[in-house]
Amino acid sequence: MALDRCSAVLLSCTGCDSGFGNATAKKLDAMGFTVLATVLDLNSPGALELRACCSSRLKLLQMDLTKPADISRVLEFTKVHTASTGLWGLVNNAGQNIFVADAELCPVATFRTCMEVNFFGALEMTKGLLPLLRRSSGRIVTVSSPAGDMPFPCLAAYGTSKAALALLMGNFSCELLPWGVKVSIIQPACFKTESVKDVHQWEERKQQLLATLPQELLQAYGEDYIEHLNGQFLHSLSQALPDLSPVVDAITDALLAAQPRRRYYPGHGLGLIYFIHYYLPEGLRQRFLQSFFISPYVPRALQAGQPGLTSARDIAQDQGPRPDPSPTAQ
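Residues numbered from 1 in each chain as written. Predicted model: local features only at pLDDT ≥ 70, side-chain atom pairs only at ≥ 80, totals over all residues. Heavy atoms only, no water.

**A few points about the packing of helix 4 (residues 108-136) against helix 5 (residues 156-175)**
Line of reasoning, step 1. Two numbers describe how helix 4 lies on helix 5: the axes approach to 7 Å, and their chain directions differ by 20 degrees. Classified by the interaxial angle, the pair formed by helix 4 and helix 5 is roughly parallel. For the pair helix 4 and helix 5, the sense of crossing is right-handed. Contacts from Thr110, Phe111, Cys114, Met115, Asn118, Phe119, Ala122, Leu123, Thr126, Lys127 and Leu130 of helix 4 reach helix 5 at Ala156, Ala157, Tyr158, Thr160, Ser161, Lys162, Ala164, Leu165, Leu168, Met169 and Phe172.
Line of reasoning, step 2. When its residues are assigned to classes, the contact of helix 4 with helix 5 shows 15 nonpolar, five polar and two charged. (Axes fitted to C-alpha atoms, helices over the stretch in contact; angles between N-to-C directions. Helix = DSSP H or I, 4+ residues; strand = E, 2+ residues; numbered from the N terminus. Parallel < 35°, antiparallel > 145°, perpendicular 65-115°, else oblique. Left-handed = near helix turned anticlockwise from the far one by under 90°. Contact = heavy atoms within 4.5 Å. Nonpolar A, V, L, I, M, F, W, Y, C, P; charged D, E, K, R; others polar.)

**Description of the nonpolar core**
Line of reasoning, step 1. Judged by nonpolar contacts, the single largest core of 64 residues is most densely connected at Leu105, Phe152, Ile186, Phe233 and Ile251.
Line of reasoning, step 2. What isoleucine 251 contacts, discounting residues up to four positions off in sequence, is Thr24, Val91, Val141, Val143 and Ile186.
Line of reasoning, step 3. Within the second largest apolar cluster, 30 residues are counted, among which are Leu61, Leu75, Leu123 and Phe172. (Core = buried A, V, L, I, M, F, W, Y, C linked by side-chain atoms within 4.5 Å. Buried < 20%, exposed > 50% of the residue type's maximum accessible area, 1.4 Å probe, protein only.)

**Regarding the pairing of strand 4 (residues 87-92)**
Line of reasoning, step 1. Burial runs high along strand 4: six of the six residues are buried.
Line of reasoning, step 2. In this sheet, strand 5 (residues 139-143) lies alongside strand 4 in parallel orientation, the contact comprising four bridges. Looking at strand 5, one finds that valine 91 is bridged to valine 141.
Line of reasoning, step 3. Taking the sense of rotation as the criterion, the β-α-β connection linking strand 4, helix 4 and strand 5 turns out right-handed. (Pairing = 2+ DSSP bridges. Right-handed = clockwise from strand over helix to strand, strands pointing away.)

**Quick look at the pattern of salt bridges**
Line of reasoning, step 1. For the coordinates displayed, the defined rule picks out seven salt bridges.
Line of reasoning, step 2. Salt-bridge contacts for arginine 263 lead to aspartate 149; the nearest nitrogen and oxygen are separated by 2.9 Å. With arginine 263 in strand 7 (residues 263-264) and aspartate 149 in the loop between strand 5 and helix 5, the pair connects residues that are 114 residues apart, well separated along the chain.
Line of reasoning, step 3. Residue classification places arginine 263 among the partly exposed residues on the basis of a relative accessible area of 28%.
Line of reasoning, step 4. With relative accessibility at 19%, the residue aspartate 149 sits in the buried group.
Line of reasoning, step 5. It is possible to trace a salt-bridge network through shared partners that takes in Glu203, Lys206 and Glu227. (Salt bridge = Lys/Arg side-chain N within 4 Å of Asp/Glu carboxyl O.)

**Re the packing of aromatic side chains**
Line of reasoning, step 1. According to the stated counting rule, one finds eight aromatic pairs in the structure shown.
Line of reasoning, step 2. When the ring of phenylalanine 20 is compared with that of phenylalanine 191, the centres are 5.9 Å apart and the planes differ by 80 degrees; the resulting orientation is edge-to-face. Within this pair, whereas phenylalanine 20 is found in helix 1 (residues 19-30), its partner phenylalanine 191 is found in the loop between strand 6 (182-186) and helix 6 (194-197), the two being separated by 171 residues in sequence.
Line of reasoning, step 3. For phenylalanine 191, a relative accessible area of 3% puts it in the buried group.
Line of reasoning, step 4. By the ring-pair criterion, three or more aromatic residues cluster together here, those being Tyr221, Tyr225 and Tyr297.
Line of reasoning, step 5. Of note, arginine 134 hangs over the ring of tryptophan 179, and the distance from its end group to the ring centre comes to 4.6 Å.
Line of reasoning, step 6. Here the guanidinium or amino end of arginine 205 rests over the ring plane of tryptophan 202, the centre of that ring lying 5.1 Å away. (Phe/Tyr/Trp six-rings, centres within 6.5 Å; stacked < 30°, edge-to-face > 60°. Lys NZ or Arg CZ within 6 Å of the ring centre and 35° of its normal.)

Encoded structure:
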């Protein structure tokens, strides 16, 4: 089926309330497409904005990707709504990161929640809509993250789910070639979406982590260790790119270009990050990520004067000299 402006594009995300999903919905609607945009809350400011500024072609659907009933309802609505026009594209834009902490400090439930939203939600939406997408030889566009390609400090739960998502989309890309369905992954740099700008949210989550951390781990790492991680994380977010259009343009190109790329890397500095990750020794890769994202901090149990097998001086010597910070790498 050839693409025309009557074909529907479903934005599957908890974030059409804001961020990339919200901006993409506006752009596609302005281009004349029928947009089925899912939001977590139909009365959120972003949802109300979409309802006010977009055409009647745009349909807002409430969906929580952790609730199978919500997913089933959206899938059924999409099948009915696109029966005469067909479905051209699916945009998986869901993403959730809960805690900024070492993998040992993150509850296992955090890993499960990230997988539920970032991986299983996209899997269910994609599988549910594949009959329509195979019929139209359409597009699947998925927003992932460089954190799924390399071990960013303190993003293990988020990065693991995004790594699984990218691998899944790689499988779909190969398997759906005979059907003419093209699959693209968007790997954006750090942009100033609403969740990035919400400092209060990150402070609340830090306090929640401290309140629920087992006493043994709190004594081993120390409260100052977690404070340091979150402070460094917030500093890196302050360097985020304010203009979301490179990501929106990448999503649009992946949907509409005759020969879309398999991977898009919108945002400054990603080329340098990926070059270092793929071509430099592991020790240099780790030090580079720490230098511009979250710098090392010695856990309480390993600090001088504390009982333990390794001293702070030993750790510093093992890490070697740190390169200069590179805020432009984001």
